[in-house]
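Single-letter residue listing:
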Amino acid sequence: VRFRRLQLAFFHDVVREEVYLDIHRNRSVLLHRLLRPFPTRETAVLVITDAGAARQSWDPQRIIQCERLTDRLRRAGFIQLWLNPFRPPYWHGNSAEEIARIVPKMLAMDTEGTRDTVRYLNETLKHLEG
């Protein structure tokens, strides 16, 4: 995977209209403004979230917000990949289980998941290039 440009943004619980440019969430920017300069079909959006696995609870609002975000990114044409710091067994019986079904691809953020992330991005970008 070759990164020509990288932009980090932060959020709390779920991505809404506003994201933050700093970890303390002091400097906000509208998501569409943050993504505007990036060519959609060549840009991967990696969302790192526990998707509710940390709380081990079912949160319908979180699920709805994640579905809105993934639909929005899909309609815009962005490649998207969701990374979860918890392994799949921890996704069962909470919001993460449903979110993993909704988003195009959610992987654990462990060694194997990181390898799969790079493989997925390489395959997706190769497919787009020709």
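Residues numbered from 1 in each chain as written. Predicted model: local features only at pLDDT ≥ 70, side-chain atom pairs only at ≥ 80, totals over all residues. Heavy atoms only, no water.

J.: Account for the pattern of salt bridges, with residues named and values stated.
T.: Summed over the entire model, instances satisfying the criterion amount to eight salt bridges. When the shortest N-O distance is used, the salt bridge between R87 and D110 registers 3.0 Å. Of the two residues, R87 is situated in the loop between β4 (79-84) and α3 (95-102) and D110 in the loop between β5 (106-108) and α4 (111-129); the sequence distance between them amounts to 23 residues. D116 is the salt-bridge partner of R119, the closest N and O atoms lying 2.6 Å from each other. With R119 and D116 both in helix α4 and three residues apart, this pair spans about one turn of that helix. Judged by its relative accessible area of 42%, R119 falls in the partly exposed class. (Salt bridge = Lys/Arg side-chain N within 4 Å of Asp/Glu carboxyl O. Helix = DSSP H or I, 4+ residues; strand = E, 2+ residues; numbered from the N terminus. Buried < 20%, exposed > 50% of the residue type's maximum accessible area, 1.4 Å probe, protein only.)

J.: Please set out the sheet that holds strand β3 (residues 44-48) residue by residue, giving values where relevant.
T.: Spatial strand order, β3-β4-β5: three strands in an open sheet with parallel pairing. With partners counted over all chains shown, the strands left at the sheet margins are β3 and β5, one partner each. For this sheet the average axis-to-axis angle between neighbouring strands, irrespective of direction, equals 25°. Looking at chain direction, β4 and β5 are connected through three bridges and run parallel. Paired with N84 across the two strands is A108, which belongs to β5. (Pairing = 2+ DSSP bridges. Axes fitted to C-alpha atoms, helices over the stretch in contact; angles between N-to-C directions.)

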